[in-house]
Amino acid sequence: MSQSKGGRGGAAVKGKKSGKTGGEEQREATLQAVLIADDFQTRFLPFSLDKPRCLLPLANTPLIEYTLEFLAMNDVKEVFIYCGAHSEQIENYIQNSRWLPIAQSGPFSVLEFIRVADARSVGDFLRDLDGRGIIGGDFLLVHGDLVSNLSLEGALAAHRARREANRDSCMTMVLREVGEGEHHTKTRTKTPVFIVDPRKNRCLHYEETNPFQADHYVDLDPTVLEGAEAEARTDLIDAQIDICTPDVLALWSESFDYELPRANFLHGVLKDWELNGKLIHTEIVTEGYSARATNLQMYDAISHDVLGGWAYPFTPDCNLLKGQTYHLQRDNVYQEDDVLVGDYTEIIDAVLGRDTHVGSNSIIQNSIIGRNCKIGNNVRITNSVIWDDAEIGDDAVVEHAIIADMGHVGKGAAVREGSLVSRGVRIAEKIDIAPTTVLSLLTHDHKSLDSEPGVVGAQGKGAVFQYPEEDEVGAEELARLENSLIFDLNRFDIDGSSVSSFGDDDFSDDESEAASATPSQPTARSRLSSFASDDSGAPNFSSFHADAVHGLLEVLRGSVGDFDSEKLEFTSLRLANNASDVAMRKAVATAFVRRAVELMNAESGGVDAVKAAKETLTSRAGASDFVADVGVGGDSVTDQLEFALAVQRACVSTAKTMEVGKAGNLLAAMLQQMYDLDILEEEGLVAWWEDARGKEGEVMPVVRAKCQPLIEWLENAEEESDEEETDEDDD
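Predicted, not measured: the structure shown is a model, and the values here were computed from it. (Residues numbered from 1 in each chain as written. Predicted model: local features only at pLDDT ≥ 70, side-chain atom pairs only at ≥ 80, totals over all residues. Heavy atoms only, no water.)

## Observations regarding the sheet that holds strand β23 (residues 374-375)
As a reminder of what qualifies: Strands pair, by our definition, only if DSSP identifies at least two bridges between them. A helix here means a DSSP run of H or I that spans at least four residues, while a strand means a run of E at least two residues long, and both kinds are numbered starting from the N terminus.
The six strands are arranged β19-β21-β23-β26-β29-β32 in an open sheet whose pairing can be described as parallel. Each having just a single partner strand, β19 (340-341) and β32 (426-427) make up the two edges of the open sheet. Strand direction decides the pairing type here: β19 and strand β21 (residues 357-358), joined by two bridges, are parallel. If you follow L340 over to β21, its bridge partner there is H357.

Written as structure tokens, this is what we have:
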């Protein structure tokens, strides 16, 4: 079935090829679409091990049905489909669907699969597509997990007008504005940041942030702002609906290292816009529904949006699939034919598929149940999704979980919040599955798992699923978060507030009250402008922290300047933001600790904690004096105690990306080196050791424990010194 690069797949589904031989004008008139049906991303594990994400059921309808319906309603005529994984399943599904352009009865004149045997990313496919010459004009680039009811008529007209005025306008991204506040269809694992010129709707810069990266700010080249206004937008839902010209494919071909449409392509093209001369615009809409089921949290949110009617007309009773018979009943229940419900059972806000049986005295709330499911008596199912052919025994409980096809939950068993039960897993009677447990029959590399009776019971079948290891720092935590049904940063010992702003790394207690008066607004920054306050003129402490840390790191890395000039800039930044002594200490401690961590984790050969601490504090002239004068800021024991505590907190924050033991070693090495350099004295270190704040929480005491030998050595040295002084007095 596969074919080498350069040829089309033999199973292409074709009809009349409108516009293919009628010249450029006719090709321009035919709106084409490139559909990325499935990619190589490992999200949706373990469900996507043996089934492509685009065929997973959302409100009991495969995801790709919503995407194809979106293309049809926007008058797309030619669709070219790329399948990254599970290609045969996707092709077989389409071959047996209503989308075949047979006898011109379907909405598409062309529906064709493109196979690229050695593709490993979306970028590989688009580069291959560029060489085929089958895209004749403007086309839509979308993904097979898109659910949207947007009309693109206005966006297409604006795109074509810009293209007519300037041939370098090559792409328009259609984005949905939802506001700065919390919104359940805004992605939280990765926050897209768009810097746009509101006068021209031109995108100037793109960045992605996530909770596990060290810095939460955007580096913006000041030249981008020349002759332009700029807004930093994190209030947009990006469902990756792109209106493209063939120039976009040429740009992909020029950069063979681009893999992802946003993090690589968009970021790179905008960064090098002076070289390529291409302009990318945005069309920001305020009405309609648009979202991608990129991970399980988005899948969960979109499922309940469809159930709640927010994606109208995509409600269950629109019956997208042939043979579906959903009709709306009271209490917002969508039910197919041949569903049996027992006496005294309460069903509210739910979808029930054909041939599903629900016993007596059960409760189903805000949940989606597939076809041919068997739900027993006295069962409680809330906020959950259960796929076809599943069985839930009497007295069982399912709370905010997903039970996949042919899953079995025994009598009296409980599946707690955030748990995922993959295909064919059996949970024995009276087994309580802990929250966020992931059960599977297969490993991530498709090998069979031996059942764990201690987890699923003696009569059960399945085991705890282990996610693949990631090489990059923070990548494993991010992958776990994206594969989780619930967005919960507590499992990773990270403050969720750091997600909402580029620089709000844990305000200290005395800053939090002042900071609460200032909106936590993500801001793009250059070294020339700190954007230190909001429209009201109130100080932005998060801006100070991010800019201060960034500037210090540049000096420590040897990228710019020296500590004499940095001291002036640091002081100016502090005055501009009216930053407190606590904020100042925190910024200095954070920068020096992060630089030490960089040295420990260097790809070219990291050093141990002792060498990292020494190099950080001594390799750049003036570094130790800067820490003493600006970081500690005084000779009192209190000043030294507070700075040592700031260093401890900075080391604790590194425990999110490195082992806690290594974070403790680094703390001990930093304090030892500061003592040797006369930055901290023994009285200050002992006072820090005795301070109760250094023992709070779970991680602080563990990191602190590594410093006990240093403190004991200092105390012994002090005792010996006292004894020597006493002997001298006696003499």
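On we go from here.
## Quick word on the nonpolar core
Filter applied, for reference: For the purposes of this section, nonpolar cores are sets of buried Ala, Val, Leu, Ile, Met, Phe, Trp, Tyr and Cys residues that join through side-chain atoms within 4.5 Å. Burial status follows relative accessibility: with a 1.4 Å probe on protein chains alone, a residue under 20% of its type maximum counts as buried, one over 50% as exposed, and anything between as partly exposed.
F570, F592, V647, M670, L671 and W688 are the most contacted members of the largest nonpolar core, which totals 64 residues. Of the residues forming this core, the biggest block, twelve residues, is contributed by helix α15 (residues 581-600). Judged by nonpolar contacts, the second largest core, of 36 residues, contains V116, L126, L266 and V269.

## Details of the pattern of salt bridges
To be explicit about the condition: Counted as salt bridges are all cases of a side-chain nitrogen of Lys or Arg within 4 Å of a carboxyl oxygen of Asp or Glu.
For the structure shown, the criterion picks out 34 salt bridges. With a closest N to O distance of 3.1 Å, R127 and D124 form a salt bridge. Taken together, the residues span about one helical turn, with R127 and D124 both in helix α4 (residues 122-132) at a distance of three residues. The same class applies to R127 and to D124, which are both buried. D445 is the salt-bridge partner of K447, the closest N and O atoms lying 3.9 Å from each other. One continuous salt-bridge network, built from bridges that share partners, spans R163, D168, D247 and K278.

## Considering the side chain of D639
Quick note on the threshold: Two N or O atoms form a polar contact when they lie within 3.5 Å of each other; inside protein one atom must be a possible hydrogen donor and the other a possible acceptor, and for residues adjacent in sequence the pair counts only when both atoms belong to side chains. The contact definition used throughout considers only heavy atoms, calling two residues in contact when any of these lie within 4.5 Å.
Residue placement: D639 occurs in helix α18 (residues 637-654). Relative accessible area serves as the criterion here: at 18%, D639 is assigned to the buried category. Among the polar contacts listed, one links the side chain of D639 to the side chain of S636, at a separation of 2.9 Å. Filtering out sequence-adjacent residues up to four positions away, D639 remains in contact with R585, V632, G633 and G634.

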